[in-house]
Amino acid sequence: MTVKFRFAPSPTGYLHVGNARLALINWLSAAKLGGGMVLRLDDTDEERSTEEYAEAIQEDLTWLGLTWSELKKQSDRTAAYEAATETLKQAGLLYACYETGEELDYKRKRQLARKLPPVYDRAALSLSAEEIAAFEAEGRKPHWRFKLDQVVVSWEDQVRGAVDVDCGSMSDPVLIRSDGRPLYHLPSVVDDIDFSISHVIRGEDHVSNTALHIQIFKALGAAVPEFAHIPLLMGPDGGPLSKREGSQSLREMRETGIEAMAVNSLLARLGTSDNVEVRHNLDQIIEGYDIHRFSRAAAKFDPAELSNLNAKLLHDLSWDEVKDRPELSGGDENIWNVIRPNLTKLADVEEWFSILKKNPPKTGLDFSFLKKAADCLPDGELTAESWKIWTTAVKEETGAKGKELFMPLRLALTGKSHGPEMNNLLPLIGREKVLERLTGGDEG
Ligand code: GLU
């Protein structure tokens, strides 16, 4: 059997961590089973969907390294939805309703007042021809509801296990609005059928939709795909994700220096019982990936965990893996190996590159101490051993030790109180610049 997955964002905003996670899970599932992933843009909401967001979504997926086998837009598919609408009408499964929004509200309120579930009462099914003619004469346009079979719909969910949803307690869903435009359900099912989608993986918020979608698949004479519903992401405290934590878009993350593989490494494991580990590329994630490892419990997304993972990833990446990144132009393997243990984001290398090349400002330095230190600098080319030999000599000469010894040297040589190991930095700065920085020589 050929498998095909789909990721179906609505282009009404930028991708954030929650939908990036669903994209990744779909992509990994497709990769694991050797199938493709359709990128379906759910752009039927003309007011809120924009081309800019549609492009941004593709850019962000590409940044993550996620590819798609086909790109589809629901706005191109009106004819297919109309044909399906006709089929359902012919089958007597789509019925015209003339209630206004206020009338429906009123019904709901009355039901609630009587402690009844606010389920649509199917009054439209018993309208007489005269009543319909009267509504039409008034200029009312019908919206169309799908006539649910009021049974329990069951499926074996790849994450939730056996799921039963009682459609007897659900309102018949509106599939077509009174302006003729289809709402989410029908296009989603028609697309899943027409694009031969074998597996639907989406958020847990769609569980009850799936029950009615299964009925629509069957009503349209199509095979029902496999389903997996992934629990939603929560904030670090177990509450809903706040703007700061979760609805932060991928582009904001990227701008703050988060690496795509840090995002992927975290999102592939969050909500599973597997430990989160740094992965350098998607192939490494595919290896241990299995949709069944996602648990039914909500997963917590902690931006601090992502930042830590980002730093860990940078510390772990080899020169070959980073050398083509624009931030690294002008660097070399040696420099990278010295600098990477201190990075929290890749863009910080630029600062260290410039520290290596350009003498830092000479403010607040004790030049009488530094002059003595300069006199102790070992002869010849500076190597990884020089720092030890040098500081031992400076200690003997000046009596300074510990922080008092190391900090003035670090500050004079780098302009910063923290950074890569001095024994590694010293050879990179080089003898000439070390002396300039210790003796108040020319600015480099
Ligand atoms: N556009 C829908 C959403 O983002 C798609 C849901 C689905 O995967 O069917 O919720």
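Whatever comes next refers back to the structure up there.
Values in this document were obtained by computation on a predicted structure and should not be read as measured data. (Residues numbered from 1 in each chain as written. Predicted model: local features only at pLDDT ≥ 70, side-chain atom pairs only at ≥ 80, totals over all residues. Heavy atoms only, no water.)

Considerations on the pattern of salt bridges
Piece 1. This structure, assessed with the given rule, holds 31 salt bridges.
Piece 2. Across the pair D105 and R108 runs a salt bridge, and its minimum N-O distance is 2.7 Å. One end of the pair, D105, and the other, R108, are both in helix α4 (residues 101–113), three residues apart, so they sit about a helical turn from each other.
Piece 3. Judged by relative accessible area, R108 falls into the partly exposed class, the value being 37%. (Salt bridge = Lys/Arg side-chain N within 4 Å of Asp/Glu carboxyl O. Helix = DSSP H or I, 4+ residues; strand = E, 2+ residues; numbered from the N terminus. Buried < 20%, exposed > 50% of the residue type's maximum accessible area, 1.4 Å probe, protein only.)

Here's the deal with the pairing of strand β10 (residues 226–230)
Piece 1. Among the five residues of β10, four are classified as buried, and the element is accordingly described as predominantly covered.
Piece 2. Of the strand pairs in this sheet, strand β9 (residues 199–203) and β10 are connected by five bridges, and their pairing is parallel. Looking across to β10, one finds that H199 is bridged to E226.
Piece 3. For the segment spanning β9, helix α7 (residues 207–219) and β10, crossover handedness is right-handed. (Pairing = 2+ DSSP bridges. Right-handed = clockwise from strand over helix to strand, strands pointing away.)

Points about the packing of helix α17 (residues 403–414) against helix α18 (residues 422–429)
Piece 1. It is at 12 Å that the axes of α17 and α18 come closest, and there the two elements cross at 35°. Here α17 and α18 pass one another in a crossing that is left-handed. Taking contact as the criterion, the partners of R410, L413 and T414 in α17 are, on α18, M422, L425, L426 and I429. (Axes fitted to C-alpha atoms, helices over the stretch in contact; angles between N-to-C directions. Left-handed = near helix turned anticlockwise from the far one by under 90°. Contact = heavy atoms within 4.5 Å.)

Thoughts on the sheet that holds strand β3 (residues 70–73)
Piece 1. Spatially, the three strands line up as an open sheet ordered β1-β2-β3, and their pairing is parallel. Edge positions in the open sheet fall to β1 (4–7) and β3, since each of these has one partner strand only. Within the sheet, the average angular offset between the axes of one strand and its neighbour, ignoring direction, is 25°.
Piece 2. One ladder, built from four bridges, connects strand β2 (residues 36–41) with β3; its direction is parallel. Each residue of the ladder has a partner; that of R40, found in β3, is K72.
Piece 3. Sheet contacts for helix α1 (residues 17–33): β1 and β2; angle to β1, the most-contacted strand, approximately 170°.
Piece 4. Most of the contacts of helix α2 (residues 51–64) go to β2, to which it runs at about 155°, and overall it touches β1, β2 and β3.

Some words on the site of the ligand
Piece 1. Neighbouring the ligand are the residues R6, A8, S10, R40, D42, Y184, S188, R202 and H206.
Piece 2. H206 places a side-chain nitrogen or oxygen 2.9 Å from an oxygen atom of the ligand.
Piece 3. About the coverage of the ligand: the protein hides 77% of its 300 Å² of free accessible area.
Piece 4. When atoms are counted within 2 Å of each cavity's grid points, the one that captures over half of the ligand is the largest pocket.
Piece 5. Partitioning the shell around the ligand into residue classes produces two nonpolar, three polar and four charged. (Near = heavy atom within 4 Å. Polar contact = N/O pair within 3.5 Å; in protein donor to acceptor, adjacent residues only side chain to side chain. Areas by Shrake-Rupley, 256 points an atom, 1.4 Å probe, with all protein chains shown as cover. 1 Å grid on protein atoms, 1.4 Å probe; cavity = no way out; pocket = protein on both sides within 12 Å on 5 of 7 lines; lining within 4 Å. Sits in = over half its atoms within 2 Å of the grid points. Nonpolar A, V, L, I, M, F, W, Y, C, P; charged D, E, K, R; others polar.)

Topic: α18
Piece 1. For α18, every residue scored as buried is listed here: M422, L425, L426 and I429. One side of α18 carries all its buried residues, which in axial view fall inside an arc of 110°.
Piece 2. Residues of α18 that are buried in the fold lie against α13 (333–339), α14 (348–357), α16 (386–398), α17 and α19 (431–439).
Piece 3. Count one or two residues on from α18 and you reach G430, which has phi positive near 85°. (Arc of directions from axis to C-beta.)

Some thoughts on the layout of surface pockets
Piece 1. Of the pockets and cavities examined, the largest pocket occupies roughly 960 Å³.
Piece 2. Surrounding the largest pocket, 40 residues form its lining, A8, P9, S10, N19 and H206 being those nearest its centre.
Piece 3. When residues of the lining of the largest pocket are traced back to their parent elements, those giving at least two are β1, α1 and β9.
Piece 4. With four residues, α1 is the single largest residue contributor to the lining of the largest pocket.
Piece 5. Looking at the lining of the largest pocket residue by residue, the class counts come to 16 nonpolar, 13 polar and 11 charged. (Points joined across faces, edges and corners; volume = space filled by probe spheres on them.)

Describing the nonpolar core
A general trend in soluble globular proteins is that nonpolar side chains are found buried together.
Piece 1. Ranked by size, the top nonpolar core spans 85 residues in total, and within it I291, W336, W390, L409 and L438 carry the most contacts.
Piece 2. A per-element tally of this core places α1 first, with nine residues.
Piece 3. Aside from chain neighbours lying at most four places away, what touches L438 is F367, L370, K371, A374, W390, L409, A412 and L413.
Piece 4. With 34 residues, the next largest nonpolar core counts Y98, I176, F217 and A222 among its residues. (Core = buried A, V, L, I, M, F, W, Y, C linked by side-chain atoms within 4.5 Å.)

Side note on empty space enclosed by the protein
Piece 1. A full pass over the atoms with the stated rule returns one cavity of 30 Å³ or more.
Piece 2. Around the largest cavity, the lining comprises 14 residues; the ones closest to its centre are A268, R269, I285, G288 and Y289.
Piece 3. Of the residues in the lining of the largest cavity, the class split is four nonpolar, four polar and six charged.

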